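Structure at a glance
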Amino acid sequence: MALRVYNTLTGEKELFVPLVSGTVGMYVCGVTVYDYCHIGHARAGVVFDIIFRYLKYAGYDVTYVRNYTDIDDKIINRANQEGSDYRTIADRYIAAFDEDMARLGLQKPTVEPKATDHMGGIIAIIEALIARGHAYVSDGDVYYAVESFPDYLKLSGRTLEDMLAGARVELGDKKRHPMDFALWKGSKPGEPWWHSPWGNGRPGWHIECSAMSMEFLGKTFDIHGGGKDLVFPHHENEIAQSEGANGCQFVRYWLHNGFVNINSEKMSKSLGNFFTIREVLKKYDPETLRFFILSAHYRSPLDFSDQNLDEAQSGLERLYTCLAALDRLPVPDAGLDDTPLTAVGEELREKVEQFRARFVEAMDDDFNAAQALGILFEMVRGTNRFLAESPVPSGGSLQLLAHVRALLTEAGVVLGLFTVSPEQWLTGIKAAGIGRLALTVEQIEQLIVARTEARRAKDFKRGDEIRDELLAAGVQLLDSAQGTTWNIK
RNA sequence: GGCGCGUUAUCCAAGAGGCUAGGAGCCGGUCUGCAAAACCGUUAACGUCGGUUCGAAUCCGACACGCGCCUCCA
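Reading the values: rules and limits
- Residues numbered from 1 in each chain as written.
- Chains lettered and ligands numbered in written order.
- Predicted model: local features only at pLDDT ≥ 70, side-chain atom pairs only at ≥ 80, totals over all residues.
- Heavy atoms only, no water.
- Phe/Tyr/Trp six-rings, centres within 6.5 Å; stacked < 30°, edge-to-face > 60°.
- Helix = DSSP H or I, 4+ residues; strand = E, 2+ residues; numbered from the N terminus.
- Buried < 20%, exposed > 50% of the residue type's maximum accessible area, 1.4 Å probe, protein only.
- Pairing = 2+ DSSP bridges.
- Right-handed = clockwise from strand over helix to strand, strands pointing away.
- Axes fitted to C-alpha atoms, helices over the stretch in contact; angles between N-to-C directions.
- Parallel < 35°, antiparallel > 145°, perpendicular 65-115°, else oblique.
- Left-handed = near helix turned anticlockwise from the far one by under 90°.
- Contact = heavy atoms within 4.5 Å.
- Nonpolar A, V, L, I, M, F, W, Y, C, P; charged D, E, K, R; others polar.
- Near = heavy atom within 4 Å.
- Polar contact = N/O pair within 3.5 Å; in protein donor to acceptor, adjacent residues only side chain to side chain.
- pLDDT = per-residue confidence, 0-100.
- Domains from an automatic or database assignment.
- Buried area = accessible area lost by both parts, 1.4 Å probe.

To continue, consider the packing of aromatic side chains. If you walk through the whole model with that rule in mind, you get 22 aromatic pairs. Plain terms: the ring middles of Phe16 and Tyr253 are 5.0 Å apart, the flat faces sit at 50° to each other, and that makes the pair tilted. Here Phe16, found in the loop between strand S2 (12–15) and strand S3 (23–32), pairs with Tyr253, found in strand S10 (residues 251–257); they are 237 residues apart in sequence, far enough to count as distant. Relative accessible area serves as the criterion here: at 5%, Phe16 is assigned to the buried category. Since its relative accessible area comes to 5%, Tyr253 is described here as buried. Pairing Phe292 with Phe304 gives two aromatic rings, centres 6.1 Å apart and planes at 75°, and the pair type is edge-to-face.

Right under this line is the structure:
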């Protein structure tokens, strides 16, 4: 029973052993704040949120750093387009990011630093790199000399020759080698700038993450995460900067989440096939989106479609329906009860006893949330079966069911699910559908009354007509002994 | 072109040498005036061709197809 994680650096699942026993330092690349976040950002956010949650559940004292890159060419371009300044753009999209992530139920990282608050650290690293012969000044810019760092590209397992064979590298006359990258860029007129030993300018992309991770986690730390698309060049360059400047290992375990696909193709800005988080949340509940993300292993591609989101909602509804049934049960007596459980009850008791170990086993295996969900569903099935057999449980049966509820809640905390009460979630799903109906709630309820009267008069033909009419309008009737309620189809 | 990943039933998706994953759906049942919902039960799979092995979805090789990175990306 020990946590194993897939390390991009070695290409293998490894036993996770932190630098300092009992603590974990984790840095995850946040976003460059120049636009609203899309579903790919949602995935990265949720994936590292559950990694954060699970590490804490496993007993670690976790320092989780997730940055905002709030100075970059894209932000400047956006500001120029809008005729505003980089700060206005950055602040607007930081606020939007915070709002989106909060809606998805992400826990706040320990620290959320901004690049522009770390200019001192950035400049210090560049100075160290120049002093160690890893960087050079060229006409107001500073570049990293990739040939000075023998380990360059160790994360993606390639060589400079491999990369150049792609033949899409631009030759810049300021660079000594085409793969050299900017650490500091001299500012052009009208651009934001900071003082530096090389003149006024701004940091290149990559260096801010080296500076902020070192500031909060030290020269060497345990986990660095981000999307797969950051492996090259971003993380590769971070390694070159941090290890070049500090002369020691930068990160022990590199974790990368897979892409969100649309029709099996990567969702990305350049392809234009992306959905923003706020668009999707107009149609789907945030926990449904989270559940969908958790339903595949974090390194696998995840195909985004309405059908898949609908299926995720059905699955989550099954879990919530069971929780709602559990919540309707009376509180069990404290006293012991010797009434033996039925065979079905014994089966459930066994599931309850094994639950925590199986859940931990799944999560210990490189955070396999999809497998963990399977274990939840198995317990739900056992519970439903037991409740079907003993609809009015008492004594020891109630205690067993209370135990089920506690375990589901416990797993829910790790997965970030079941954050609202089951009744509330189930009615929320219903309420979300009402806006899309042609009928008002009053009309629906009038029709239901008319149908009830028809049925009482044994006019089933008329009753069924009303039922079909409502169904065609998207309203599904639920008859029960207590009367008729309804749902959105 | 270089490097890497994937292909599991109708669909989504775990698993990684012998041990029921799971969800959605289909079908059957309970319930119902009949239905629906809910619940229960049930079904079925490992891209192709070879190899290793007592035994292969799982390991090895080839092939096919799909995807990713090599340019800004979570």
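Below, the discussion takes up the pairing of strand S9 (residues 221–227). Extensive coverage of S9 is indicated by the burial of seven of its seven residues. Bridge count between S3 and S9: three bridges; the pairing is parallel. Within S9, the residue paired with Tyr27 across the bridge is His224. Since S9 and S10 lie parallel, the crossover through helix H7 (residues 231–246) that links them has a hand, and here it is right-handed.

Attention now moves to the packing of helix H1 (residues 39–57) against helix H11 (residues 343–364). Where H1 meets H11, the closest approach of the two axes is 11 Å, and the angle between their N-to-C directions is 130°. Regarding the angle of H1 to H11, the classification is oblique. When you trace H1 past H11, the crossing you get is left-handed. Taking contact as the criterion, the partners of Ile50, Tyr54 and Tyr57 in H1 are, on H11, Arg356, Phe359, Val360, Met363 and Asp364. Of the residues that constitute the contact of H1 with H11, the class distribution is six nonpolar, no polar and two charged.

As a matter of local geometry, RNA strand B sits amid 58 residues, with Trp205, Gly227, Asp229, Leu230 and Arg385 nearest to it. Sugar plus phosphate: this is where 59% of the atoms of RNA strand B within 4 Å of the protein reside. Here Asp162 contributes a side-chain N or O atom positioned 3.2 Å from a sugar or linking oxygen of RNA strand B. Between RNA strand B and Asn368 there is a distance of 2.5 Å, counted from a phosphate oxygen to a side-chain nitrogen or oxygen.

Looking now at the confidence of the model for chain A. Chain-level statistics for chain A give a pLDDT mean of 92 and a share of 98% at 70 or above. With a pTM of 0.94, the predicted complex shows an ipTM of 0.94.

On the basis of which strands lie adjacent, the open sheet formed by three strands has the order S12-S11-S13 and mixed pairing. Edge positions in the open sheet fall to strand S12 (265–266) and strand S13 (302–303), since each of these has one partner strand only. Pairing geometry for strand S11 (residues 260–262) and S12, over two bridges, is antiparallel. Bridge pairing in S12 places Asn261 opposite Lys266.

Attention shifts here to the domain arrangement of chain A. Split by domain assignment, chain A resolves into domain 1 (19–266), domain 2 (283–428) and domain 3 (437–488). The straight-line distance from the C-alpha centre of domain 1 to that of domain 2 is 38 Å. The partner domain 2 presents 25 residues to the 26 residues of domain 1 that form the contact. Between domain 1 and domain 2, roughly 2,300 Å² of surface is buried when both sides are summed, and carbon and sulfur atoms account for 64% of that area. At the boundary of domain 1 and domain 2, one finds 16 residue pairs in polar contact (both at pLDDT 80 or more). Of all the secondary structure elements, the ones that give two or more residues to the side of domain 1 that touches domain 2 are H1, S10 and S11. Top element by residues in the side of domain 1 that touches domain 2 is H1. It accounts for eleven residues. Residues belonging to the side of domain 1 that touches domain 2 are distributed by class as follows: 14 nonpolar, seven polar and five charged.

What follows deals with unusual backbone geometry. Put simply, Phe232 and Pro233 share a cis peptide bond, and its omega is 0°. Mapped onto the elements of the fold, Pro233 is located in helix H7. Backbone geometry at Phe367 places phi at a positive 55°, although glycine is not the residue there. Within the secondary structure, Phe367 is located in the loop between H11 and helix H12 (369–389).

The next point concerns the sheet that holds S10. Taken together, four strands build an open sheet; the order of strands is S4-S3-S9-S10 and the sheet is parallel. At either margin of the open sheet sits one strand with a lone partner, and together these are strand S4 (61–69) and S10. With strand direction ignored, the average angle separating the axes of adjacent strands in the sheet is 20°. Pairing of S9 with S10, which is carried by six bridges, proceeds in the parallel orientation. When the sheet's bridge partners are listed, Ile223 is paired in S10 with Tyr253. Those strands touched by H1 are S3, S4, S9 and S10, and its axis lies near 170° from that of S3.

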